[in-house]
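What the coordinates show
Now for the letters of each chain:
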Amino acid sequence: MLEQVHNHIVDELGQSSRTDTIFVVTAIVFNLIALGANSIVSVAATEEDGTATHDIILAVFIVTPVLLNVIAVAALVLGRRTRTMLLGGLVAMYRDNEVDKYYDPSLVSNYGTRYLLFSGVIVTLAITTIVVPLIIRFVGLD
């Protein structure tokens, strides 16, 4: 039974990692695409003396990345919490079976740091996706 529990936890960790990867890659790709689209709309608005249509489109393209990135970071926070709980269970299982010396507990904090770095990349790209087009729109390309 212990082996089945161990395999189940390891499978859950793998699934959690795949899900986290999907959220990170989706957020990064979306931000890069949104940056390009926002920049194009901003340039068009600047060249045509800022029509209201371009500004509305730009506003939508600013709100959407904010929402998507909030969801992606929330998913990473949940993934981090899930991984911490699963690894805690593994460490307890290893401790109970006196094999905990083979698993370095600092790995749990390393995973936490990795999640913070992923979130930092997503947030940085989100800010860039929003700020650069606004600079183009309101400051211009001179």
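Now for a quick tour of the structure. Counting of residues starts from 1 at the beginning of each chain's written sequence and follows it residue by residue. Where local features are concerned, this predicted model is filtered to residues with pLDDT of at least 70; where side-chain atom pairs are given and counted, the filter is 80 or more; whole-chain, interface and lining totals use all residues. Only hydrogens and water are set aside; all other atoms, that is, all heavy atoms of the structure, feed into the side-chain values.

Turning our attention to the nonpolar core. Buried together is how nonpolar side chains tend to be arranged in soluble globular proteins. Ile 9, Leu 13, Leu 86, Leu 87, Leu 90, Val 91, Met 93, Tyr 94 and Tyr 103 together form the largest nonpolar core, which totals nine residues. Looking at this core, the elements that each hand over two or more residues are α1 (2–47) and α2 (52–96). Comment: elements are numbered from the N terminus, with helices defined as DSSP H or I runs of at least four residues and strands as E runs of at least two. Among the elements that line this core, the one with the most residues is α2, at six residues. Whether two residues are in contact is decided by their heavy atoms: any pair within 4.5 Å suffices. Once residues within four sequence positions are removed from consideration, Tyr 94 is found in contact with His 6, Val 99, Asp 100 and Tyr 103. The set of buried Ala, Val, Leu, Ile, Met, Phe, Trp, Tyr and Cys residues whose side-chain atoms join them within 4.5 Å is what this entry labels a nonpolar core. Only protein chains enter the accessibility calculation, which uses a 1.4 Å probe. A residue is then buried if its area is under 20% of the maximum for its type, exposed if over 50%, and partly exposed in between. Listed in part, the six residues of the second largest apolar core include Ala 27, Ala 72, Leu 76 and Ile 122.

Here the focus is the packing of aromatic side chains. The relative placement of two aromatic rings is captured by the distance of their centres and the angle of their planes. Here the aromatic set is Phe, Tyr and Trp, taking the six-membered ring for Trp, and pairing holds for ring centres within 6.5 Å; pairs whose planes are under 30 degrees apart are stacked, those over 60 apart are edge-to-face, and all others are tilted. With the rule as written, the count across this model stands at one aromatic pair. With 6.1 Å between their ring centres and 55° between their planes, Tyr 94 and Tyr 103 make a pair best called tilted. Here the two residues Tyr 94 and Tyr 103 agree in accessibility, since each one is buried. Counting as a charge over the ring demands two things of the Lys NZ or Arg CZ atom: a distance within 6 Å of the ring centre and an angle within 35 degrees of the ring normal. Cation over ring: Arg 83 sits above Tyr 111, and NZ or CZ is 4.5 Å from the ring centre. Lying across the ring of Tyr 115, Arg 114 places its NZ or CZ 6.0 Å from the centre.

Here we take up the pattern of salt bridges. Should a side-chain nitrogen of Lys or Arg be within 4 Å of a carboxyl oxygen of Asp or Glu, the pair is scored as a salt bridge. Under the counting rule described, the total for this entry stands at one salt bridge. Between Arg 137 and Asp 55 there is a salt bridge, with its nearest N and O atoms 2.7 Å apart. Of this pair, Arg 137 sits in helix α3 (residues 106–138) while Asp 55 is found in helix α2, placing the two residues 82 residues apart along the sequence.

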